[in-house]
Amino acid sequence: MNKDSISRAVIKRLPRYYRYLGELMEDGIERISSNDLSQRMNVTASQIRQDLNNFGGFGQQGYGYNVEHLYQEIGRLLGVDKKHNMIIIGSGHLGQAIANYTNFERRGFVVTGMFDKNENLYGKEVRGIKILSMELLKDFIKKNDIEIAALTLPKTEAIKVAEELVSYGVKAIWNFAHVDLDLPREIVVENVHLSESLMMLSYNLTRQEDKKKGVM
């Protein structure tokens, strides 16, 4: 199957498979059936088989899945078997929280630099990473082979900075700014709108409460 034709819904489930398989490995489990995996993940066994068949299946009849092999294969599909150099633009509370999250490095995402326009932050270290002036951004990207930039900026600044990042050679942007970026198609953008996620949580909570009251 052409991987470009695989639905986004399937691709979005891959990180979840990867996380659960990692937990199984930590528990010393060497193999697992789609039925057992479905009970852990609260996804039907047929959905798991359909999802994985998009990429070749990986399972054996009567045996199930080799946990370590499937973990490695999904990691390869996700690209986390490689090292990705990443910078953070905007070094406030959110930017510093991202830099402090060590689990990213286990997945191959290495934060190598942090930048901000606030002079009071210059020289401050977050887990050994110095916060630098935006004026140093271009040279830093060129010298350190930066692929990914995380944007934790106000939306008024994000568009201009994103365009600059593209011109400097950044290939992917992890966008926490509350704005949609209009960038060349070859630039990979993953938007993380925290307020939208919170509103979806509120919507689902309201639906649960309405069901209890008998309101449709």
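Parameters at a glance
- Residues numbered from 1 in each chain as written.
- Predicted model: local features only at pLDDT ≥ 70, side-chain atom pairs only at ≥ 80, totals over all residues.
- Heavy atoms only, no water.
- Helix = DSSP H or I, 4+ residues; strand = E, 2+ residues; numbered from the N terminus.
- Buried < 20%, exposed > 50% of the residue type's maximum accessible area, 1.4 Å probe, protein only.
- Contact = heavy atoms within 4.5 Å.
- Areas by Shrake-Rupley, 256 points an atom, 1.4 Å probe, with all protein chains shown as cover.
- Lys, Arg positive; Asp, Glu negative; His and termini not counted.
- Charge placed at Lys NZ, Arg CZ, Asp CG, Glu CD.
- Pairing = 2+ DSSP bridges.
- Axes fitted to C-alpha atoms, helices over the stretch in contact; angles between N-to-C directions.
- Salt bridge = Lys/Arg side-chain N within 4 Å of Asp/Glu carboxyl O.
- Expected span 1.5 Å × (residues − 1).
- Phe/Tyr/Trp six-rings, centres within 6.5 Å; stacked < 30°, edge-to-face > 60°.

Engineer: What's the story with the overall build of the protein chain in this structure? I'm lost.
Structural biologist: Scanning the protein chain for helices and strands turns up 9 helices and 10 strands. With the C-alpha coordinates aligned to their principal axes, the bounding extent of the protein chain is approximately 60 × 50 × 35 Å. Out of the 216 residues in the protein chain, the part that is buried amounts to 39%. Intrachain contacts of the protein chain at a sequence separation of at least 6 include 56% that bridge at least 24 residues. Entry remark: accessible area of the protein chain is about 13,700 Å², with carbon and sulfur atoms responsible for 49%. If the 29 positive side-chain charges of the protein chain are averaged to one point and the 28 negative ones to another, these points end up 4 Å apart.

Engineer: Explanation requested: the sheet that holds strand 4 (residues 84-89) in the structure shown.
Structural biologist: Within a beta sheet, neighbouring strands are joined by backbone hydrogen bonds and run either parallel or antiparallel to one another. What the 7 strands build is an open sheet, ordered 6-7-5-4-8-9-10; its pairing is mixed. Among the strands making up the open sheet, the edge pair consists of strand 6 (125-126) and strand 10 (188-191). In this sheet, strand 9 (residues 172-175) lies alongside strand 8 (residues 148-151) in parallel orientation, the contact comprising 4 bridges. Paired with Leu151 across the bridge in strand 9 is Asn175. Contacting strand 4, strand 5 (109-116) and strand 7 (129-133), helix 7 (residues 137-144) crosses the sheet at an angle of about 170° to strand 4.

Engineer: It is not clear to me how the pattern of salt bridges should be interpreted in this structure. Could you clarify?
Structural biologist: Close approach of charged atoms allows side chains of opposite charge to pair. A complete count under the given rule lists 7 salt bridges for this structure. We note a salt bridge from Asp51 to Arg13, for which the minimum N-O separation is 2.7 Å. Here Asp51 is found in helix 3 (residues 45-53), whereas its partner Arg13 is found in helix 1 (residues 8-26), with 38 residues between them in sequence. Look at Arg13 and you get partly exposed, because its relative accessible area is 25%. Residue Glu164 pairs with Lys160 through a salt bridge whose shortest N-O separation is 2.5 Å. In this pair, Glu164 and Lys160 are both assigned in helix 8 (residues 155-168), 4 residues apart and thus about one turn of the helix distant. For Lys160, a relative accessible area of 53% corresponds to the exposed category.

Engineer: How should I be thinking about helix 1 in this particular structure?
Structural biologist: Between its first and last C-alpha, helix 1 extends 29 Å over 19 residues, near the 27 Å set by a 1.5 Å rise per residue. Considered for burial, the residues of helix 1 that qualify are Val10, Leu14, Tyr17, Tyr18, Tyr20, Leu21, Gly22 and Leu24. Each element contacted by the buried residues of helix 1 is listed here: strand 1 (31-32), helix 2 (34-41), helix 3 and helix 4 (67-78). One or two residues past the end of helix 1 sits Gly28, with phi positive at roughly 80°.

Engineer: Before we go on, may I ask you to explain the side chain of Arg107 in this structure?
Structural biologist: Structurally, Arg107 is set in the loop between helix 6 (103-106) and strand 5. Despite its burial, Arg107 remains without a salt bridge, the nearest opposite charge being carried by Glu26 at 6.7 Å. Ignoring any residue separated from it by four or fewer positions in sequence, one finds Arg107 in contact with Tyr18, Tyr71, Val80 and Lys82.

Engineer: What's the story with helix 9 (residues 194-213) in this structure? I'm lost.
Structural biologist: For an α-helix, the turn length of 3.6 residues means that residues three or four places apart are oriented alike. The end-to-end C-alpha separation of helix 9 is 29 Å, in line with the 28 Å expected for 20 residues at 1.5 Å each. Following helix 9 by one or two positions, Gly214 has its phi on the positive side, about 80°.

Engineer: Help me understand the packing of aromatic side chains, please; the structure alone is not making it clear to me.
Structural biologist: Applying the stated criterion across every chain, the model contains 5 aromatic pairs. Here Phe104 and Trp174 contribute two aromatic rings whose centre-to-centre distance is 5.5 Å and whose plane-to-plane angle is 85°, an arrangement assigned as edge-to-face. With Phe104 in helix 6 and Trp174 in strand 9, this residue pair connects regions lying 70 residues apart in the sequence. Since its relative accessible area comes to 19%, Phe104 is described here as buried. When its relative accessible area of 22% is taken as the criterion, Trp174 is described as partly exposed. Consider the rings of Phe115 and Phe140, whose centres lie 5.3 Å apart with planes at 75°: the pair is edge-to-face. Here Phe115 is found in strand 5, whereas its partner Phe140 is found in helix 7, with 25 residues between them in sequence. Of the two residues, Phe115 and Phe140, neither departs from the other in class, the shared state being buried. Here the aromatic residues Tyr101, Phe104, Trp174 and Phe176 are joined through ring pairs into a cluster of three or more.

Fair warning: the whole summary comes from geometry, so function is off the table for now.
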